[in-house]
Amino acid sequence: MSKDMSRPSVSVVIPVYNVEAYLGECLDSACRQSLSSIEMICVNDGSTDGSLAIAESYAANDSRIRVISKENGGLSSARNVGIDAARGDIIMFLDSDDLLVGNACEAVADRFVETSAEIVTFGASCFPEDAASTHMKECLSPRDAVYHPFSDKLLFDENSRPYACRSAFRRDFMNTHSIRFCEEIPFGEDQVLYFQAYPQASTVSLMSGKLYRYRIIRKGSLMNSARESLADRVGKHVAVAERILSIWTENGWFEKHGWRTLGWLVEFVLLDMSKLDERERISLKNRYGASLRDALEGVDLETLPLGRMTRRMLERMLDEDDELSISSFELGRFYIERRGIGACVKRGIEAVLEKGRR
């Protein structure tokens with residue numbers, strides 16, 4: 001194509017690692033966008049299959065595609081390289097086994113103009129559809145709304161996270177606030193990104209339109225490999241929680257925006273941690289407890305607007321002598337307090353139905 005790409009409207013960052021079976025379809029969806037003023041940045045993250053050759057063949061036929069090769073460093077590293085190389089006013093993310101619907105870039109660009117947003121989070125559909133849980137489908141289905149300024153409702157009352165591939169960012173906003181994916185966290189990096197980015201945005205726009213197609217099952221994907229071990233999963237959740245805790249403490253956001261995030265940070269790790277055997281549970285609980293103690297030094301827990309059970313579980317995590325052996329009754333009370341009895345019953349029914357479909 002002969003279009004001058006010195007100032008594309010949108011940069012689509014595509015991390016590429018051993019996806020030769022899917023990359024062509026992915027790139028086709030990007031090349032066929034209704035908005036032509038885009039660039040596609042394929043970051044080859046040390047692929048050992050034919051992915052690089054596929055990306056280069058597409059680049060040879062479409063001048064909007066750039067291919068950058070680097071040593072393998074993981075998804076976050078590849079995305080960050082793409083962000084640094086982006087020239088568009090808007091940055092979008094497309095995983096190399098997923099797809100964009102035909103008007104995705106155009107619709108997102110229009111939404112930025114209409115709302116003067118710094119972040120636009122849109123809907124996504126899953127395929128194959130029957131492989132997605134009800135909860136996942138809900139997470140990927142935001143409503144139309146604009147947040148100006150930030151409110152913690154954006155994090156906790158909206159279908160606005162995780163899955164960073166269904167959010168777009170103004171490039172200047174990402175650079176001004178040093179918004180990047182945390183490369184030290186191999187799983188859950190998108191949760192960290194949202195807890196870092198949303199509080200710093202003056203305007204965030206949510207779109208109900210499903211502009212992204214998310215592939216549920218792929219052998220070797222991060223989503224599949226993350227299911228291997230409960231202890232590994234809890235360890236990864238603790239790493240995510242520790243990073244969010246650090247970001248919010250360093251920026252003074254608990255005092256500025258309220259303590260709801262602290263309650264969520266307890267909830268995020270508690271259920272799976274309670275299922276571990278004693279040795280693993282105590283080890284991870286003590287690690288997380290140390291991070292919580294550092295963050296809450298000098299804070300009077302009794303003054304925090306937390307529910308009774310949430311405060312109790314927080315106190316137990318902070319207590320170095322508590323082994324965090326929690327009864328089902330206590331867990332039930334905690335989650336009813338956190339989510340309400342209706343939501344807990346709904347999630348329980350969904351879990352039973354989804355288990356029956358497997």
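Whatever comes next refers back to the structure up there.
Everything numeric in this text was worked out from a predicted model, so none of it was measured. For every chain, the first residue of the written sequence is number 1, and numbering continues from 1 along that sequence. A pLDDT threshold of at least 70 governs which residues receive local features in this predicted model, and a stricter bar of 80 or more applies before side-chain atom pairs are shown or counted, although totals over entire chains, interfaces and linings include all residues. Side-chain figures throughout are based on the complete set of non-hydrogen atoms in the structure, without hydrogens or water.

### Focus: the packing of helix α1 (residues 23-31) against helix α2 (residues 51-61)
For step 1, the next point in the chain: To get an axis, a line is fitted to the C-alpha atoms, and for a helix only the part in contact is used. The angle between two axes follows their N-to-C directions and goes from 0 to 180 degrees. The secondary structure listing takes helices from DSSP runs of H or I that are at least 4 residues long and strands from runs of E that are at least 2 residues long, numbered from the N terminus. Between α1 and α2, whose axes approach to 10 Å, the crossing angle comes to 25°. With respect to their mutual orientation, α1 and α2 come out roughly parallel. Read as a crossing pair, α1 and α2 show a hand that is right-handed. In this structure, α1 uses L23, G24, L27, D28 and C31 to contact α2, whose residues at the interface are S51, I54, A55 and Y58.
For step 2, the next point in the chain: Partitioned by chemical class, the residues of the contact of α1 with α2 number 6 nonpolar, 2 polar and 1 charged. Roughly parallel means an angle under 35 degrees; roughly antiparallel means over 145; roughly perpendicular covers 65 to 115; every other angle is labelled oblique. Definitions for this section: a left-handed crossing has its near helix turned counterclockwise from the far helix by less than a right angle. A right-handed crossing has that turn clockwise. Contacts were defined at the residue level, with two residues in contact if any of their heavy atoms lie within 4.5 Å. Under the grouping applied here, Gly and all other residues not named as nonpolar or charged are polar, the nonpolar ones being Ala, Val, Leu, Ile, Met, Phe, Trp, Tyr, Cys and Pro and the charged ones Asp, Glu, Lys and Arg.

### Side note on the side chain of S160
For step 1, the next point in the chain: Positionally, S160 belongs in the loop between α6 (153-156) and β8 (167-170).
For step 2, the next point in the chain: Only protein chains enter the area calculation, which uses a 1.4 Å probe; residues under 20% of their type maximum are buried, those over 50% are exposed, and those in between are partly exposed. Judged by its relative accessible area of 0%, S160 falls in the buried class.
For step 3, the next point in the chain: Any pair of N or O atoms that falls within 3.5 Å is considered a polar contact. Within protein, one atom must be able to donate a hydrogen and the other to accept it, and sequence-neighbouring residues count only if both atoms are side-chain atoms. Looking at S160, its side chain comes within polar contact range of the main-chain oxygen of L154, at 2.5 Å.
For step 4, the next point in the chain: In contact with S160, other than residues within four places in its own chain, are T121, C139, L154, L155, R166, Y194, Y198 and L206.

### Focus on α1
For step 1, the next point in the chain: In terms of burial, α1 is largely enclosed, as 7 of its 9 residues are buried.
For step 2, the next point in the chain: Inspection of α1 places L23, G24, C26, L27, S29, A30 and C31 among the buried residues, and these make up the whole buried set.
For step 3, the next point in the chain: Summarising the contacts, the buried residues of α1 are in contact with β1 (10-16), β2 (38-45), α2, β3 (65-70) and β5 (99-100).

### A word on helix α15 (residues 328-339)
For step 1, the next point in the chain: Under the 1.5 Å per step criterion, the end-to-end length of α15 is 16 Å for 12 residues, consistent within 8% with the ideal 16 Å.
For step 2, the next point in the chain: After α15 finishes, the residue G340 shows a positive phi value of roughly 90°. A helix is expected to reach a length of 1.5 Å times the quantity of its residues less one.

### So, the packing of aromatic side chains
For step 1, the next point in the chain: Two rings from Phe, Tyr or Trp (for Trp, the six-membered ring) form a pair when their centres sit within 6.5 Å of each other. Planes less than 30 degrees apart are called stacked, planes more than 60 degrees apart edge-to-face, and all others tilted. For the coordinates displayed, the defined rule picks out 13 aromatic pairs.
For step 2, the next point in the chain: Where F254 meets W259, the ring centres are 5.0 Å apart and the plane angle is 10°; that geometry is what we call stacked. In terms of burial, F254 and W259 fall into one category: buried.
For step 3, the next point in the chain: Ring centres of W264 and F268 lie 4.6 Å apart, and the angle between their planes is 20°; on these two criteria the pair is classed as stacked.

On their own, these measurements won't tell you what the molecule is for.
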